[in-house]
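A structural walkthrough
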Amino acid sequence: MNLFDLKNEIAVVIGGTGALGGVAAEALAGAGAKVVIIGRNAERGQQRVASIQKNGGQALFVAADASDKASLENARDTILKTWGTPSILVNAAGGNSPEGTVSKDHPVEDIRAEDWTSLFKMNLVGGALLPCQIFGKLMCRQGKGSIINFASVSAHIPLSRVVAYSASKAGVLSLTRFLAREWAPCGVRVNSITPGFFPAMQNRSLLFNEDGTPTDRTRSIWEHTAMKRFGKPEELGGVIVFLASQAASSFVTGTDIRVDGGFLSQTI
Ligand SMILES: NC(=O)c1ccc[n+]([C@@H]2O[C@H](COP(=O)([O-])OP(=O)(O)OC[C@H]3O[C@@H](n4cnc5c(N)ncnc54)[C@H](O)[C@@H]3O)[C@@H](O)[C@H]2O)c1
């Protein structure tokens, strides 16, 4: 038996338009799943669909804003009409904002409640809660499903500067465990993945100077990572497929898998 065979499964990857979500979509399609990419940027979504199809996979892009319930419900209806009920959900939409980030000129005392709230809306509401509610309900009804949320190392120990991001991702860890207990009786597993540091759009300005050289923060990240490097997005694919596959991870729920090169395994 191939433990990692996802043929006959329909996977929804929210934020499949981005770096890590895109890799999750490719990995799931590579294992045989039909993949629906949900995001706001049609051009990037269609590029990912074309790449999956070029590799022999099946993919579809559906535009939606994950923070908007009605928009996600429309996407759900399109998916149901086109392919049927999904059994895999990957929540990879999320990011940070300068307004929610502490700097020399923007101390924590000056972070505005509305900027804090907008990061919570992006990472915890749109990045986890609404998609879990909308697709989790369908999965519960069909009696099977695997949900994979994206946390962050800063959900475990708050990183310097990214105060609102860290708190919102800690919320993702908590929600993941809550839903795991809530939905275990109906056959739906809920886990999270904690990526270490992977250069992407949302963290570019914190990791690289304008001329492309690494920032001081990048140097201290490398120093603190056991493997002394950034992750490569494709290094997340195996864990995504493992958690998605009922055959491979049927007794795994409410947990978090760190793919961080050892970042969280050490201190000074
Ligand atoms: N890159 C890293 O090092 C890293 C580390 C830890 C956690 N993460 C988390 O992984 C996830 C993926 O991040 P990434 O690095 O691929 O970033 P990315 O910016 O490349 O991708 C994020 C994608 O989510 C989309 N998105 C954001 N809000 C959305 C919304 N409301 N509706 C629909 N789409 C929306 C963005 O348009 C983008 O395409 C995020 O939750 C991020 O916080 C990333």
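Whatever comes next refers back to the structure up there.
Described below are features of the structure shown in this document.

Burial runs high along strand β2 (residues 34-39): five of the six residues are buried. Where strand β1 (residues 10-14) meets β2, five bridges bridge the pair, whose relative direction is parallel. Paired with Ile10 across the strands is Lys34, a residue of β2. The parallel pair β1 and β2 is bridged by helix α1 (residues 19-30), and the resulting crossover is right-handed. Pairing analysis gives six bridges linking β2 to strand β3 (residues 58-63), with the strands arranged parallel. Note that in β3 the partner of Ile37 across the bridge is Phe61. Each parallel crossover has a hand, and the one from β2 via helix α2 (residues 42-54) to β3 is right-handed.

The next subject is the state of the cysteines. For the structure shown, the criterion picks out one disulfide. Each disulfide pairs two cysteine sulfurs, and for Cys140 the partner residue is Cys186, the sulfurs being separated by 2.1 Å. Here Cys186 lies in the loop between α6 (163-183) and β6 (188-195) and Cys140 lies in helix α4 (residues 113-142), a separation of 46 residues in the sequence. Left without a disulfide partner, Cys132 is nearest to the cysteine sulfur of Cys140, which lies 11 Å away.

What follows deals with the site of the ligand. As a structural note, the neighbourhood of the ligand is formed by 28 residues, with Thr17, Leu20, Tyr165, Lys169 and Phe198 the closest of them. Between a nitrogen atom of the ligand and a side-chain N or O atom of Asp65, the distance comes to 2.8 Å. In the model, an oxygen atom of the ligand is placed 2.7 Å from a nitrogen or oxygen of the Lys169 side chain. Starting from 820 Å² of accessible surface for the ligand in isolation, the protein chains cover 95%. Elements with a minimum of two residues in the shell around the ligand: α1 and α6. Class assignment for the residues of the shell around the ligand results in 14 nonpolar, 10 polar and four charged.

Further remarks concern the side chain of Asn123. Structurally, the position occupied by Asn123 is in helix α4. Overall, the relative accessible area of 1% leaves Asn123 in the buried class. A distance of 2.8 Å separates the side chain of Asn123 from the backbone oxygen of Gly95, its partner in a polar contact. A distance of 3.2 Å separates the side chain of Asn123 from the side chain of Ser168, its partner in a polar contact. Beyond its immediate stretch of four places on either side in the chain, Asn123 contacts Gly94, Gly95, Ala128, Tyr165, Ser168, Lys169 and Val172.

Attention shifts here to the pattern of salt bridges. Tallied over the entire structure, the rule returns seven salt bridges. Between Arg112 and Asp115 there is a salt bridge, with its nearest N and O atoms 3.0 Å apart. Residue Arg112 is classed as partly exposed on the basis of its relative accessible area, which comes to 44%. Its salt-bridge partner being Arg229, residue Glu235 comes within 2.8 Å of it at the nearest N-O pair. Taken together, the salt bridges that share partners define one network made up of Arg112, Glu114 and Asp115.

Calculation notes
Counting from 1, residues in each chain are numbered in the order their sequence is written. Whole-chain, interface and lining totals are the exception, using all residues; otherwise, since this is a predicted model, local features are given only for residues with pLDDT of at least 70 and side-chain atom pairs are given and counted only at 80 or more. Only heavy atoms go into the side-chain values, all of them from the structure, while hydrogens and water stay out. The buried label applies to any residue whose accessible area, calculated with a 1.4 Å probe on protein chains only, is under 20% of its type's maximum; exposed applies above 50%, and partly exposed to all values in between. Runs of H or I in DSSP of at least four residues are treated as helices and runs of E of at least two as strands, each being numbered from the N terminus. The pairing criterion for strands is at least two bridges between them, as found by DSSP. For crossovers, right-handed means that the path from the first strand over the helix to the second runs clockwise, given strands pointing away from the viewer. In plain terms, two cysteine sulfur atoms within 2.5 Å form what is called a disulfide here. For this purpose, a residue is taken to be near a molecule or strand whenever a single non-hydrogen atom of the residue falls within 4 Å of it. The term polar contact refers here to a pair of N or O atoms within 3.5 Å; inside protein, the definition further demands a hydrogen-donor-capable atom paired with an acceptor-capable atom, and it admits residues adjacent in sequence only when both atoms are side-chain atoms. With residues, only the protein chains shown are counted as cover, and all accessible areas are computed by Shrake-Rupley using a 1.4 Å probe. Gly counts as polar in this scheme, as do all residues outside two lists: the nonpolar Ala, Val, Leu, Ile, Met, Phe, Trp, Tyr, Cys and Pro, and the charged Asp, Glu, Lys and Arg. Two residues qualify as a contact provided that any one of their heavy atoms is within 4.5 Å of a heavy atom in the partner residue. One speaks of a salt bridge when a side-chain nitrogen belonging to Lys or Arg is within 4 Å of a carboxyl oxygen belonging to Asp or Glu.

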